[in-house]
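# Residue-level structure breakdown
The chain contents come next:
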Amino acid sequence: MRERILYYTSKMITGQMKSGNDHSDIKQVISIVITNHNFIDDSENYHNCYTLYNPETGSEFSDKLEIHTIELPKIPAADDGTQLWWWTKFLSAKSREEFTMLAEQNPQVEKAVVRLMELSADEKTRLVYESRHKMEWDNWARERAAVEKGRQEGMERGIQKGRQECMQEIIERFKRGGMSENEIERFLQ
């Protein structure tokens, strides 16, 4: 499992690089692994964060990679004062009563609980939500495609205009050099 997480995290980093990109363009990659079993045997913490650093000096090699593990069985029974505790309790809740209790005690979690209850209400509601989400995604994809098409057309027009202006400049120079229009036409063919 650790190697798989490392592989997918590495792919997110290398996937950012395109031909001609500078390595300084790499954005931070954060992997979050949530398990319903104990995963990190050498830690009692339910949340662990791994980065690239020198264990002898504690100096960080790079902040471009973080792997967070959240182990639901290790969540403490009592609130530890973090928002993460509330969200892990939300993720591990198994009954409507647990969700209700969490919603009553935390306004941010309440929003998620209300949304979850709406989506769980019936198949029709879930399908409406999914179709709305698909529509938003499709709209985003269409907008992206339109922007890319516009950018391409703009570049093509710019290149064409540049060629025309360059050709006009060449013709003007030939004229100033004393060439006739017939001579210029034969030369350019």
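Placed above this text is the structure.
Summarised in this report is the structure supplied together with it. (Residues numbered from 1 in each chain as written. Predicted model: local features only at pLDDT ≥ 70, side-chain atom pairs only at ≥ 80, totals over all residues. Heavy atoms only, no water.)

Its volume calculated, the largest pocket comes out at about 220 Å³. Counting residues per element, the ones that place at least two in the lining of the largest pocket are helix 1 (2-14), strand 2 (47-53) and strand 3 (60-71). Of the residues that constitute the lining of the largest pocket, the class distribution is eight nonpolar, two polar and one charged. (1 Å grid on protein atoms, 1.4 Å probe; cavity = no way out; pocket = protein on both sides within 12 Å on 5 of 7 lines; lining within 4 Å. Points joined across faces, edges and corners; volume = space filled by probe spheres on them. Helix = DSSP H or I, 4+ residues; strand = E, 2+ residues; numbered from the N terminus. Nonpolar A, V, L, I, M, F, W, Y, C, P; charged D, E, K, R; others polar.)

Time to look at the packing of helix 2 (residues 83-92) against helix 3 (residues 96-105). Relative orientation of the contacting elements helix 2 and helix 3 amounts to 160 degrees, with a least axis distance of 9 Å. The orientation of helix 2 relative to helix 3 falls into the category roughly antiparallel. Helix 3 is crossed by helix 2, and the crossing has left-handed handedness. Residues Trp86, Lys89 and Phe90 of helix 2 form the contact with helix 3, whose participating residues are Phe99, Leu102 and Gln105. (Axes fitted to C-alpha atoms, helices over the stretch in contact; angles between N-to-C directions. Parallel < 35°, antiparallel > 145°, perpendicular 65-115°, else oblique. Left-handed = near helix turned anticlockwise from the far one by under 90°. Contact = heavy atoms within 4.5 Å.)

Moving on, we come to the sheet that holds strand 2. Strand order in this open sheet of three strands is 1-3-2, and the pairing throughout is mixed. Since the sheet does not close on itself, it has two edges, and those belong to strand 1 (29-35) and strand 2, each with one partner. If you compare each strand with its neighbour and ignore which way they point, the axes differ by 20 degrees on average. Looking at chain direction, strand 2 and strand 3 are connected through seven bridges and run antiparallel. Paired with Leu52 across the bridge in strand 3 is Ser62. (Pairing = 2+ DSSP bridges.)

With the rule as written, the count across this model stands at five aromatic pairs. Look at Trp87 and Phe90: their rings are 5.8 Å apart centre to centre, the planes differ by 80 degrees, and that puts the pair in the edge-to-face class. You can see Trp87 and its partner Phe90 sitting in helix 2, three residues apart, about one turn around the helix. Given the relative accessible area of 14%, Phe90 is considered buried. (Phe/Tyr/Trp six-rings, centres within 6.5 Å; stacked < 30°, edge-to-face > 60°. Buried < 20%, exposed > 50% of the residue type's maximum accessible area, 1.4 Å probe, protein only.)

You can see Thr35 is positioned in strand 1. Take Thr35: its relative accessible area is 4%, and that puts it in the buried class. A polar contact is formed between the side chain of Thr35 and the backbone oxygen of His37, at a distance of 2.7 Å. Ignoring anything within four residues of it in the chain, the contact list for Thr35 reads Ile70, Glu71, Leu72 and Pro73. (Polar contact = N/O pair within 3.5 Å; in protein donor to acceptor, adjacent residues only side chain to side chain.)

Time to look at the pattern of salt bridges. Applying the stated criterion across every chain yields a total of eight salt bridges. Among the salt bridges present, the one from Glu169 reaches Arg173, with a minimum N-O distance of 3.1 Å. Placement of both Glu169 and Arg173 in helix 5 (residues 123-176) is noted, with a separation of four residues, approximately one turn of the helix. The exposure class assigned to Arg173 is exposed, which follows from its relative accessible area of 56%. Among the residues examined, Glu169 registers a relative accessible area of 36% and is labelled partly exposed. (Salt bridge = Lys/Arg side-chain N within 4 Å of Asp/Glu carboxyl O.)

Here the focus is the packing of helix 2 against helix 4 (residues 107-121). At a minimum axis distance of 10 Å, the contact between helix 2 and helix 4 shows a crossing angle of 20 degrees. Classified by the interaxial angle, the pair formed by helix 2 and helix 4 is roughly parallel. Here helix 2 and helix 4 pass one another in a crossing that is right-handed. For the pair helix 2 and helix 4, contact is made by Gln83, Trp86, Trp87 and Phe90 and by Gln108, Val109, Ala112, Val113 and Leu116, respectively. Among the residues making up the contact of helix 2 with helix 4, the classes are represented as seven nonpolar, two polar and no charged.

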